[in-house]
Every structure is written in C-alpha cells, then in structure tokens.
Amino acid sequence: MPTISLCMIVKNEEEVLARCLSSAQGLWDELIIIDTGSADRTKEIAAQFTPHVYDFAWVDHFAAARNFAFSKGTCDYLMWLDADDIILPDDHAVFLQLKQSLNPSVDTVMMKYNIAFDEQGNPTFSYYRERIMRRDPRATWQGAVHEVITPFGQILHSPIAITHRRKEKADSDRNLRLFENLLERGVELNPRETFYYARELFYHARYNDAVQAFTQFLVEGKGWLENNIDACRVMAQCLAALGKADQARLALLRSFEYDSPRAEVCCELGEHHFARGEYEPAIQWYKIALQCPRHDASGAFVQEECYGYLPHLQLCVCYDRLGQHDIAEAHNEQAGKLRPQSPAYLYNKKYFNEKKH
C-alpha cells in the first residue's frame, strides 16, 4: 500500500486546524505542517498531531510556501489540504479504499473540491483539483497566487471530495493585493494569472478593469479552454453590472467559439431574456441548459444547480408568466425532486396549491 505525506501551509488557523486534521486522521502516513507566521495557537494545535512543524518566512508567494512543504515530505505520494478543508466521513471511507487499491502506476490523483452548498448541505459549486501527486520533481507548485501543479503522468479522477468549510471570513483583499504587488514590481502575468487577476477584479466590483483584463486574456489566445469559457461568462457579469446588457449577451455567446454550450452560460442567457420579459427565448435557453452534459473531469468550475434545478425552477416561472400553469407546475416538481427543501420550490408549491382552490 502506498504511503502519503499530507503537507499543509497554515497561518492563524486555530479555529479550524484541529477540525481539518481530525477529519483526515488515518489517511496520511506523515503529516507536515508549515507555519508562515501565526500569532495564535496554530502551531500548538499542529504539534498535537505531528512533530513535523516548521516555520517558513512568508514571501508573498503561495507556490514557494507549498514547495517548501512538499520538500519535507518523504512518503511515496504528497497530498495537500487547506486548514479550512474537511473530509466528510463517507469520503474518508472511500479514501481509505483508494489508498489500499491505488495502482502504483498512478502519478496524479484528481479529487473534487466542493466549495459552496445548498440549504441541505449538498454541493452547488465544485471543480476537480490535483490533490495527491507522486513525490517527483514534476510535483512542483507554480504561481504566487492561485497556485497550481500541472497534473502529470498517469492521472486518476477520483469521486472523493474535499469539502471547503470556512468558519470565518477570509482576507478578501489578499489575492488582489498579491497580484497588484506583482504588477507593481513589473512582473508579467502568465495567461492563467491574468485570468485569475481578472476574477479578483470582478470580486472587488472593479468591473471596467476586469473587462479589460478578461479581454486581454482572451485576445492573447493562450488560455486553457475552460478558463476561456469562464472568462466570457464572468466578463458578461461585469458588463451587465455596468449596464451594458447587449455586450454582456455577446460575451456569453462568444463562449460558444471555444466549445459546446455549458449549462452555466445557457442559464445566464436565459436570465438575460427573462429580465426583459422575453419569456419564449428565455425558455429556449433554459431547455438547452437541461441538455448540456457536465464537464467535471475537465477541471471546469461546475455550478451544479445549472444542470437541473435552476433551469427547471426558471422554466416554472417563465411558463407561469405565459399563463401555462400546468407546465409551470410540472417544472417546479422537477426542481423539487432535486432540492426538496428549496425555499423557492416550496413557495411555488404553495402558490400552485392555492391556485387550485
């Protein structure tokens, strides 16, 4: 059975570190904790789980810190978690099975990363990340912000999920600050960094700057396919926020130049028409969304509600506005099968019951 070094970087994580490590206990053979300057009890908590706790002077570069952590691992494979991640019991059990049966020819294990959830705790936003890598020179982190290891060798996509559950608000300005520090120093961002810089600008409501950065990213034509599609989608949100609805629609349609339609894009095109009271074209886009295959294994950002729940819910509203109440109710029931505790579904259900009396 292969051995695994869990290598983590932490700073001021006393509220969540023990939760993370307890959830993953029994999965690692070696635990490496790299502290980048905590002023709380983080190192004390880490020492309760492992003797391998090291200091690393923070240099505004996440890849540098993660590479230092990986350099301390001595097992067959290297794994990473963030302190506000957890491994749920069901995933823990499957993880143990994977470890026991892992083919030694596998170099990279991709796992789902669930980072947003509905009212029942089911994931609504997820994507695959490189989670376990053979201890090998190719297992090298790159990027000061939104760091990544390019998956290498034989790659296994596992259904195991890592669940991201932060207890308190993170430093929302950190990533943008790091990007802008790089730019101030004259560092030229690579295509992936430009994409994520544009997203950070969007998160900070700097919509004109974000549009400019997304446009630069797409014009250069060196981006990864899924990032190209997502750039069109988020740029459309920026343009819509700037009151440029027609340009936003064109940005969404531009995503079709890269690959077949994604449900996320189709739902936003549906919303574009819905907001104008154009229910027939909105219906067509929501129906297309229902037919779109998911692309989880590609590493795309997947908004799971766009692949069933949201299109059905919006079709319910559209058909109701057109006076086709039976069809509307049928779509609401389909939405309810996917999210039975959804407040929107329950509200609509009550609405249709009252219309019958």
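Keep in mind that what you see is a predicted model, and the values were worked out from it rather than measured.

Criteria and cut-off values
- Residues numbered from 1 in each chain as written.
- Predicted model: local features only at pLDDT ≥ 70, side-chain atom pairs only at ≥ 80, totals over all residues.
- Heavy atoms only, no water.
- Helix = DSSP H or I, 4+ residues; strand = E, 2+ residues; numbered from the N terminus.
- Expected span 1.5 Å × (residues − 1).
- Buried < 20%, exposed > 50% of the residue type's maximum accessible area, 1.4 Å probe, protein only.
- Arc of directions from axis to C-beta.
- Contact = heavy atoms within 4.5 Å.
- Axes fitted to C-alpha atoms, helices over the stretch in contact; angles between N-to-C directions.
- Parallel < 35°, antiparallel > 145°, perpendicular 65-115°, else oblique.
- Left-handed = near helix turned anticlockwise from the far one by under 90°.
- Nonpolar A, V, L, I, M, F, W, Y, C, P; charged D, E, K, R; others polar.
- Core = buried A, V, L, I, M, F, W, Y, C linked by side-chain atoms within 4.5 Å.
- Salt bridge = Lys/Arg side-chain N within 4 Å of Asp/Glu carboxyl O.
- Pairing = 2+ DSSP bridges.
- Phe/Tyr/Trp six-rings, centres within 6.5 Å; stacked < 30°, edge-to-face > 60°.
- Lys NZ or Arg CZ within 6 Å of the ring centre and 35° of its normal.

A. Molecular detail of helix α4 (residues 89-101). Look at α4: 19 Å from first C-alpha to last across 13 residues, which is about the 18 Å you get at 1.5 Å a residue. Taken together, the buried positions of α4 are occupied by Asp91, His92, Phe95, Leu98 and Lys99. In an axial view of α4, the angular spread of the buried residues amounts to 120 degrees, which keeps them on one side of the axis. When the buried face of α4 is taken as reference, the exposed residues oriented beyond 90 degrees from it are Pro89, Asp90, Gln97, Gln100 and Ser101. In this structure, the buried side of α4 is in contact with β1 (4-10), α1 (17-24), β4 (77-79), β6 (108-117), β7 (123-134) and β8 (155-164).

B. Representation of the packing of helix α10 (residues 263-274) against helix α12 (residues 309-321) within the structure. Viewed as axis vectors pointing N to C, α10 and α12 meet at an angle of 20 degrees, and their least axial separation amounts to 11 Å. Relative to α12, the element α10 is oriented roughly parallel. For the pair α10 and α12, the sense of crossing is left-handed. Counting all contacts with α10, which are made through Cys267, Glu271 and Phe274, the residues of α12 involved are Leu310, Pro311, Gln314, Val317, Cys318 and Arg321. Considering only residue class, the contact of α10 with α12 consists of 6 nonpolar, 1 polar and 2 charged.

C. Representation of the nonpolar core within the structure. One finds Met8, Leu21, Phe70 and Leu81 to be the most contacted residues of the largest nonpolar core, which totals 103 residues. At 8 residues, the largest contribution of residues to this core is made by helix α8 (residues 225-241). Contacts of Leu21, omitting those with residues within four sequence positions, involve Leu6, Met8, Trp28, Leu31, Ile33 and Phe49.

D. Just the pattern of salt bridges, in detail. Scanning the entire structure with this criterion turns up 24 salt bridges. The partner of Arg262 in a salt bridge is Asp259, with the nearest N and O atoms 3.0 Å apart. The class for Arg262 is buried, based on a relative accessible area of 4%. Members of the salt-bridge network, linked through shared partners, are Asp107, Arg134, Asp136 and Arg138.

E. Focus on helix α5 (residues 174-184). Looking only at α5, the buried set comprises Asn175, Leu176, Leu178, Phe179 and Leu182. Down the axis of α5, the buried side of the element spans an arc of 160 degrees, and every buried residue falls inside it. Against the buried residues of α5 lie α3 (62-72) and α6 (191-203).

F. Focus on the pairing of β7. Extensive coverage of β7 is indicated by the burial of 10 of its 12 residues. By the bridge criterion, 3 bridges tie β4 to β7 in an arrangement that is antiparallel. Bridge pairing in β7 places Tyr77 opposite Arg134. Strand direction decides the pairing type here: β6 and β7, joined by 9 bridges, are antiparallel. When the bridges of β7 are listed, Phe117 appears paired with Pro123.

G. Just the packing of aromatic side chains, in detail. Across all of its chains, the model carries 18 aromatic pairs by this definition. Ring geometry for Trp80 versus Trp141: centroids 5.6 Å apart, planes at 85 degrees, classification edge-to-face. Residue Trp80 is located in the loop between β4 and β5 (85-86), and its partner Trp141 is located in the loop between β7 and β8; the two are separated by 61 residues in the primary sequence. Of the two residues, Trp80 and Trp141, neither departs from the other in class, the shared state being buried. With centroids separated by 5.8 Å and ring planes inclined at 70 degrees, the aromatic side chains of Tyr113 and Tyr127 adopt a geometry described as edge-to-face. You can see Tyr113 sitting in strand β6 and its partner Tyr127 sitting in strand β7, a full 14 residues away along the chain. Clustering of aromatic rings is evident, with ring pairs tying together Phe70, Trp80, Tyr113, Phe125, Tyr127, Trp141 and Phe301. In this arrangement the basic side chain of Arg165 is found over the ring face of Phe117, its NZ or CZ atom lying 4.2 Å from the centre. Over the ring of Tyr309 we find Arg339; its NZ or CZ atom is 4.2 Å from the centre of that ring.

H. Spotlight on the side chain of Asp91. Mapped onto the secondary structure, Asp91 falls in helix α4. Leaving out residues up to four positions away in the same chain, Asp91 has contacts with Pro159, Ile160 and Ala161.

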